[in-house]
Amino acid sequence: MIASRRFLPSISSLLALESVARLGSATAAAEELSLTHSAVSRQLKVLEEQIGVQMLVREGKGLSLTNAGAAYAQSVRSVLQDLARASHRITVNGGGTSFNLAILPTFGMYWLSPRLRDFAQVYPDVVINQATRVAPFDFTYEPFDAAIHFGERDWPGVNYLPLAPERMLAVCAPNLARSGPLASQELAKMPLLHLETRPGLWERWFTEHGLTATPQKGMLFDQFSNMAEAAAQGMGVALLPDFLARSEIARGRLVQASTDEMAVDGTYYLVWPKGPISPSFAQFLDFLRGKLGHQNS
């Protein structure tokens, strides 16, 4: 049993409270909910009586929320949004099975998407719902079955499946390297593009290739995909993960600015919480392991 029915008000009462809290009056709430003013007032009264806490102060024809009412309305809004999302998921997924995956945007687009396409051909009834998360989170409080993680094995309480290491390529628009790849000394004179979550990456590149590491000036980006687009527009040279760089090179939008590559500390992992997993996610896990050719986690 989830809870006593006393603590499970009707959806109508909760919608009335949330609407009044957001719009500021019972009249506006009634219009939004296609109800009469008296019907909204009645729902609010029923809610207060059921919970046993005063949530509204009636001042003439107006309403204002007590502190308890405002706090409760905020919680109600979150619950209603979760319910709406759950209803939307089951509607769009139909009768099939599904699981929720948190992805890193660039890796998800360029490395994971082709594999998801292959998975869909083998398991057409399984739907993978995706949302972006760029940092570790608590699986207890987030509605995900698994996530893509880059770095070390430093996410507590999860299993790990290594997906890919990361190697960086220096790339630029074709017009910036008309005569072919550049020597490191020439590269250092070019406008360089930077990722804010990877400080010092260019300095490390030049150090590994025999040049004194000095702070390199240039445009700053928060996503590899944005930086790749800027590079394709001729704004400078970018260090991009090989899976992204090679995709853009194949499309003719970028070329290698250097023949050298650089390994980066860290690995892309699929992670999921320890404990039982859903049948649909188990199918995806087995599929990936088969594609990768290993069984470790």
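Just so it is clear, the structure is predicted and the values come from calculations on it, not from any experiment.

Basis of the calculations
- Residues numbered from 1 in each chain as written.
- Predicted model: local features only at pLDDT ≥ 70, side-chain atom pairs only at ≥ 80, totals over all residues.
- Heavy atoms only, no water.
- Helix = DSSP H or I, 4+ residues; strand = E, 2+ residues; numbered from the N terminus.
- Rg over C-alpha atoms; globule rule 2.2 N^0.38 Å.
- Buried < 20%, exposed > 50% of the residue type's maximum accessible area, 1.4 Å probe, protein only.
- Contact = heavy atoms within 4.5 Å.
- Lys, Arg positive; Asp, Glu negative; His and termini not counted.
- Charge placed at Lys NZ, Arg CZ, Asp CG, Glu CD.
- Expected span 1.5 Å × (residues − 1).
- Salt bridge = Lys/Arg side-chain N within 4 Å of Asp/Glu carboxyl O.
- Core = buried A, V, L, I, M, F, W, Y, C linked by side-chain atoms within 4.5 Å.
- Pairing = 2+ DSSP bridges.
- Right-handed = clockwise from strand over helix to strand, strands pointing away.
- Axes fitted to C-alpha atoms, helices over the stretch in contact; angles between N-to-C directions.
- Parallel < 35°, antiparallel > 145°, perpendicular 65-115°, else oblique.
- Phe/Tyr/Trp six-rings, centres within 6.5 Å; stacked < 30°, edge-to-face > 60°.

Peer 1: What exactly am I supposed to notice about the overall build of the chain here?
Peer 2: When its secondary structure is counted, the chain shows ten helices and ten strands. Relative to the 2.2 N^0.38 estimate, which gives 19 Å for 297 residues, the radius of gyration of the chain is 27 Å and therefore markedly larger than a compact globule would have. A principal-axis box enclosing the C-alpha atoms of the chain has dimensions of 80 × 45 × 30 Å. A buried classification covers 40% of the 297 residues belonging to the chain. Across the chain, the fraction of contacts at a sequence separation of at least 24, relative to all contacts at a separation of at least 6, is 73%. Charged side chains of the chain number 26 positive and 27 negative; the gap between the two group centres comes to 4 Å.

Peer 1: Explain helix H10 (residues 279–292) here, please?
Peer 2: An α-helical turn contains 3.6 residues, so any two residues separated by three or four positions project in the same direction. Between its first and last C-alpha atoms H10 spans 20 Å; for 14 residues at 1.5 Å apiece the expected length is 20 Å, and the two agree. Among the residues of H10, Ser 280, Phe 281, Phe 284, Leu 285, Phe 287, Leu 288 and Arg 289 are the ones counted as buried. Contacts made by the buried residues of H10 are with strand E3 (97–103), helix H5 (105–122), strand E4 (126–132), strand E5 (146–151), strand E6 (158–172) and strand E10 (255–273). Downstream of H10 by a residue or two, Gly 293 has a phi angle that is positive, lying close to 80°.

Peer 1: Any chance you could explain the pattern of salt bridges here in plain terms?
Peer 2: Between side chains of opposite charge, a pair can form as their charged atoms come close. In this structure the tally under the stated criterion is 13 salt bridges. For Arg 246, the salt bridge identified is with Glu 261, shortest N-O distance 2.7 Å. Of the two residues, Arg 246 is situated in helix H9 (residues 242–250) and Glu 261 in strand E10; the sequence distance between them amounts to 15 residues. Owing to a relative accessible area of 39%, Arg 246 belongs among the partly exposed residues under this scheme.

Peer 1: What should I look at first to understand the nonpolar core in this one?
Peer 2: Judged by nonpolar contacts, the single largest core of 59 residues is most densely connected at Leu 240, Leu 270 and Phe 284. The biggest single contributor to this core is E6, with eight residues. Each residue touching Phe 284, except ones within four places of it in the same chain, is listed here: Phe 99, Leu 112, Leu 116, Phe 119, Ile 128 and Leu 270.

Peer 1: When you look at the pairing of E4 in this model, what are you seeing that I'm missing?
Peer 2: Two faces make up the sheet, and in a regular strand the side chains alternate between them. As paired elements, E3 and E4 share seven bridges and run parallel to each other. Each bridged residue has a counterpart across the sheet, and for Phe 99 the counterpart in E4 is Ile 128. Tracing the backbone out of E3, into H5 and back to the parallel element E4 gives a crossover that is right-handed.

Peer 1: I keep staring at the environment of Leu 220 and nothing clicks. Help me out?
Peer 2: Residue position: Leu 220 is located in strand E8 (residues 220–221). Distance from Leu 220 to Glu 203, taken between C-alpha atoms, is 15 Å for residues 17 residues apart in sequence. With residues up to four places along the chain from it excluded, the contact list for Leu 220 reads His 194, Leu 195 and Glu 196.

Peer 1: What is the right way to look at unusual backbone geometry in this model?
Peer 2: Keep in mind that most residues, glycine aside, have a negative phi and that most peptide bonds are trans. In this model, Ser 34 sits at a positive phi of 55°, which is unusual for a non-glycine residue. The topology assignment puts Ser 34 in the loop between helix H2 (26–33) and helix H3 (37–51). Note on Ser 34: relative accessible area 66%, which makes it exposed.

Peer 1: Can you help me understand the pairing of E5 in this one?
Peer 2: With five of six residues buried, E5 lies mostly within the body of the structure. Examined bridge by bridge, E3 and E5 share two bridges and lie parallel to one another. Residue pairing in the sheet places Leu 101 in a bridge with Ala 146 of E5. Where E5 lies against E10, five bridges are found, and the strand directions are antiparallel. Residue pairing for E10: His 149 is matched across the bridge by Tyr 269.

Peer 1: What am I meant to see in the packing of helix H1 (residues 11–23) against H3 here?
Peer 2: To characterise two packed helices, one gives the angle between the axes of the helices and the distance between these axes. In contact at an axis separation of 8 Å, H1 and H3 are set at 110° when each is read in the N-to-C sense. If you check the angle between H1 and H3, you find them roughly perpendicular. Two secondary-structure elements touch here, H1 through Ser 12, Ser 13, Leu 14, Ala 16, Leu 17 and Val 20 and H3 through Val 40, Gln 43, Leu 44, Val 46 and Leu 47.

Peer 1: For this particular structure, what's the right way to read the packing of aromatic side chains?
Peer 2: Aromatic ring pairs: the centre-centre distance and the angle between the two ring planes describe each pair. Scanning the model with the defined rule gives 19 aromatic pairs in all. An angle of 40° between the planes, with centres 5.3 Å apart, marks the rings of Phe 99 and Phe 284 as tilted. Of this pair, Phe 99 sits in strand E3 while Phe 284 is found in helix H10, placing the two residues 185 residues apart along the sequence. Take Phe 99 and Phe 284: they sit in the same class, and that class is buried.

Peer 1: It is not clear to me how the side chain of Asp 242 should be interpreted in this structure. Could you clarify?
Peer 2: Here Asp 242 shows up in helix H9. Buried charge without a salt bridge: Asp 242, with Arg 246 as the nearest opposite-charge side chain at an N-O distance of 4.7 Å. Discounting residues that sit within four places of it in the chain, Asp 242 has contacts with Arg 167 and Leu 169.

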